[in-house]
Amino acid sequence: MAVKEPGKKTAKLQDTLNEQLANWWVMYVKLHHFHWYVKGPHFPVLHVKFEELYEMAAKKLDELAERMLAIGLEPSSTMKEYLSVSHIKEGGKAGADDTDILETIVDDFAKMVDGLKKATQIAEEEFEDTATADMLNEHIEDLQKQMWMLNATIGK
Ligand SMILES: [Fe+2]
């Protein structure tokens, strides 16, 4: 493990992991928005699906923060910090139709995957921290699976 000593280099890993943490937090709130406000004939199915997704977000963000603590890093813990570094834009179109919502989630998940890939690379190549990289790769795998299913629901 190459992250025992705090310093400029360690800050790079901490910053990139905090960005991924922020993405999960903003997505967690955003998925609740869709869970509550989705309209139309597919409401029963989508309402349940979005609950599954925000539960996934809750699990991932806690796992990531606790991994950071385990390797001596400080996970951000305020909404202010999350909103300032997240790649995900908050909110959504209340009452938007279900296809709009699904496309928004797929776009957001794609942004998260991009961020996670960069973080994985930093963890692996600059810190030789394969355990953190493995965890991030699992996040990527789960997001990509959901993207496939959401796209299939839209008919893409
Ligand atoms: Fe609910």
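Refer to the structure presented above.
This report concerns the structure included in the present document. (Residues numbered from 1 in each chain as written. Predicted model: local features only at pLDDT ≥ 70, side-chain atom pairs only at ≥ 80, totals over all residues. Heavy atoms only, no water.)

1. Observations concerning the nonpolar core
Thought 1: F50, I105 and F109 are the most contacted members of the largest nonpolar core, which has 44 residues in total.
Thought 2: For this core, the secondary-structure elements that each account for two or more residues are α1 (8–37), α2 (43–70), α4 (98–126) and α5 (130–154).
Thought 3: Among all residues touching F109, those that are not within four sequence positions of it are M27, L53, M56, L143, Q146, M147 and L150. (Core = buried A, V, L, I, M, F, W, Y, C linked by side-chain atoms within 4.5 Å. Buried < 20%, exposed > 50% of the residue type's maximum accessible area, 1.4 Å probe, protein only. Helix = DSSP H or I, 4+ residues; strand = E, 2+ residues; numbered from the N terminus. Contact = heavy atoms within 4.5 Å.)

2. A look at the side chain of K30
Thought 1: For K30, the position within the fold is in helix α1.
Thought 2: Owing to a relative accessible area of 5%, K30 belongs among the buried residues under this scheme.
Thought 3: A distance of 2.8 Å separates the side chain of K30 from the backbone oxygen of K89, its partner in a polar contact.
Thought 4: Those residues within four positions of K30 in sequence are excluded, and the remaining contacts are I88, K89, G91, T104 and D108. (Polar contact = N/O pair within 3.5 Å; in protein donor to acceptor, adjacent residues only side chain to side chain.)

3. Here's the deal with the environment of P41
Thought 1: With respect to the helices and strands, the residue P41 is situated in the loop between α1 and α2.
Thought 2: Residue P41 is classed as exposed on the basis of its relative accessible area, which comes to 76%.
Thought 3: Taking the C-alpha atoms as reference points, P41 and I154, 113 residues apart in sequence, are found 14 Å from one another.

Geometry only, nothing functional implied.
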